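# Inside the fold
Take a look at the letters that make up each chain.
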Amino acid sequence: MIYHIVFCEVILRRNHLRAKKALKTFIFWVSMAIIVNLGIIMVFGKQHALEFLSGYIVELSLSVDNLFLFLMIFTTFNIKLKYQKRVLTYGIIGAIILRFIFIWVGVVIVNKFHWILYIFSFFLFASGLKIFFSSEEVTDFKESRLLKILSKIIPVSEELHNEKFFVKEGNIILATPLFLILVLIESSDILFALDSIPAIFSITTNPYIVYSSNIFAILGLRSLYFVLAKLNTMFYYIKYGVGFILIFTGIKLFLGFFSITISTSVSLLVILIILLICVLISLMKE
């Protein structure tokens with residue numbers, strides 16, 4: 001019994017240290033984003049700096065909801081923490097590449113067909129409402145249609161093989177379940193980008209500002225994930241904040257049709273207030 005108690009205390013202490021280390025890493029990336037923002041003020045001026053900061057906060061706040069999805073996926077497949085780190089690292093690399101493609105294609109489309117922004121506005125508004133009316137049912141990711149299709153195309157091993165994504169058995173190369181999880185996470189990030197990129201377009205369509213704010217937010221996601229995994233109850237109501245932010249950015253885009261402009265500074269203030277209220281309500285829940 002004593003050994004069991006000691007063992008539990010050791011595990012809890014390790015989890016606490018991991019969360020503390022992850023928090024320090026996350027603070028580092030936030031600090032880097034702030035330094036870059038100060039550089040933008042000095043080189044390009046206050047307006048571009050506000051756009052970068054607003055885009056960064058929007059991307060980061062919307063990412064929190066996506067990170068909870070990652071947590072659910074790892075929990076469903078009972079993936080150990082040391083394997084989660086590798087999947088998240090490759091997932092972030094994939095997200096950086098995909099964001100580059102999506103953002104530059106999106107900017108080209110918006111510049112040629114400006115009216116597409118008003119379609120984005122309805123899409124964002126609908127996505128925000130969906131968060132409020134979606135059910136709380138737990139998704140069984142093992143029954144994912146994507147995984148079923150992928151397993152028919154690529155032979156998959158029955159068990160994990162440490163951190164490997166592929167193994168060779170005889171003359172056959174097999175994908176491991178860890179590779180399937182990586183594909184599932186990447187596909188969910190693609191769906192997430194369909195919300196986050198139009199949301200930032202409501203602030204600016206400058207490709208450099210959009211991409212740089214996205215990248216700095218993404219770079220901090222790996223460490224933020226492990227902080228959220230430890231303190232997930234603290235952010236219980238954050239998904240509703242995400243819903244409000246999507247609705248707000250959707251309305252902001254649509255108002256442009258009537259030549260009504262909400263300034264970047266006002267947008268930033270509204271987003272920060274929404275996030276602060278959600279965190280405070282979550283803390284009161286505890």
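Just above, that's the structure.
Residues numbered from 1 in each chain as written. Predicted model: local features only at pLDDT ≥ 70, side-chain atom pairs only at ≥ 80, totals over all residues. Heavy atoms only, no water.

Quick look at the packing of aromatic side chains now. To describe a pair of aromatic rings, one takes the distance between the centres and the angle between the planes. Considering all chains together, one arrives at 14 aromatic pairs under this definition. Between Phe28 and Trp29 the ring centres are 5.2 Å apart and the planes differ by 70°, which places this aromatic pair in the edge-to-face class. Residue classification places Trp29 among the partly exposed positions, given a relative accessible area of 23%. A ring pair is formed by Phe122 and Phe254, whose centres lie 5.3 Å apart and whose planes are at 65°; its orientation type is edge-to-face. Here the residue Phe122 occupies a position in helix α4 (residues 116–133), and Phe254 occupies one in helix α9 (residues 238–255), the gap between them amounting to 132 residues. On the basis of relative accessible area, Phe122 is assigned to the exposed category, the value being 54%. Residue classification places Phe254 among the partly exposed residues on the basis of a relative accessible area of 30%. (Phe/Tyr/Trp six-rings, centres within 6.5 Å; stacked < 30°, edge-to-face > 60°. Buried < 20%, exposed > 50% of the residue type's maximum accessible area, 1.4 Å probe, protein only. Helix = DSSP H or I, 4+ residues; strand = E, 2+ residues; numbered from the N terminus.)

Here the focus is a nonpolar patch on the surface. A cluster of nonpolar side chains, Tyr90, Ile93, Ile97, Phe100, Ile101, Val105, Ile109, Phe113, Trp115 and Ile119, forms an exposed patch at the surface whose accessible area comes to about 950 Å². Among the elements that make up the nonpolar patch, the one with the highest residue count is helix α3 (residues 81–112) (7 residues). Note on placement: Val105 falls in helix α3. (Patch = residues over 30% accessible without salt bridge, like charges linked within 9 Å, V, L, I, M, F, W, Y side chains within 5 Å. Areas by Shrake-Rupley, 256 points an atom, 1.4 Å probe, with all protein chains shown as cover. Salt bridge = Lys/Arg side-chain N within 4 Å of Asp/Glu carboxyl O.)

Three or four residues apart is the spacing at which side chains of an α-helix point the same way, because the helix has 3.6 residues per turn. Along its 13 residues, helix α7 (residues 207–219) runs 18 Å from first to last C-alpha, staying within 8% of the 18 Å computed at 1.5 Å per residue. Turning to α7, its buried residues number three or more, namely Pro207, Ile209, Val210, Ser213, Asn214, Ile215, Phe216, Ala217 and Ile218. The residue sitting at the N-terminus of α7 and contributing the capping side-chain oxygen is Asn206; that oxygen lies 3.0 Å from the backbone nitrogen of Tyr208. (Expected span 1.5 Å × (residues − 1). Polar contact = N/O pair within 3.5 Å; in protein donor to acceptor, adjacent residues only side chain to side chain.)

Moving on, we come to the environment of Phe216. Tracing the sequence through the fold places Phe216 in helix α7. Since its relative accessible area comes to 16%, Phe216 is described here as buried. Through-space distance from the C-alpha of Phe216 to that of Met32 is 8.0 Å; in sequence the pair is 184 residues apart. Those residues in contact with Phe216 that lie beyond four places of it in its chain are Met32, Ala33, Val36, Phe52 and Tyr56. (Contact = heavy atoms within 4.5 Å.)

Interpretation in functional terms is not warranted from these geometric data alone.
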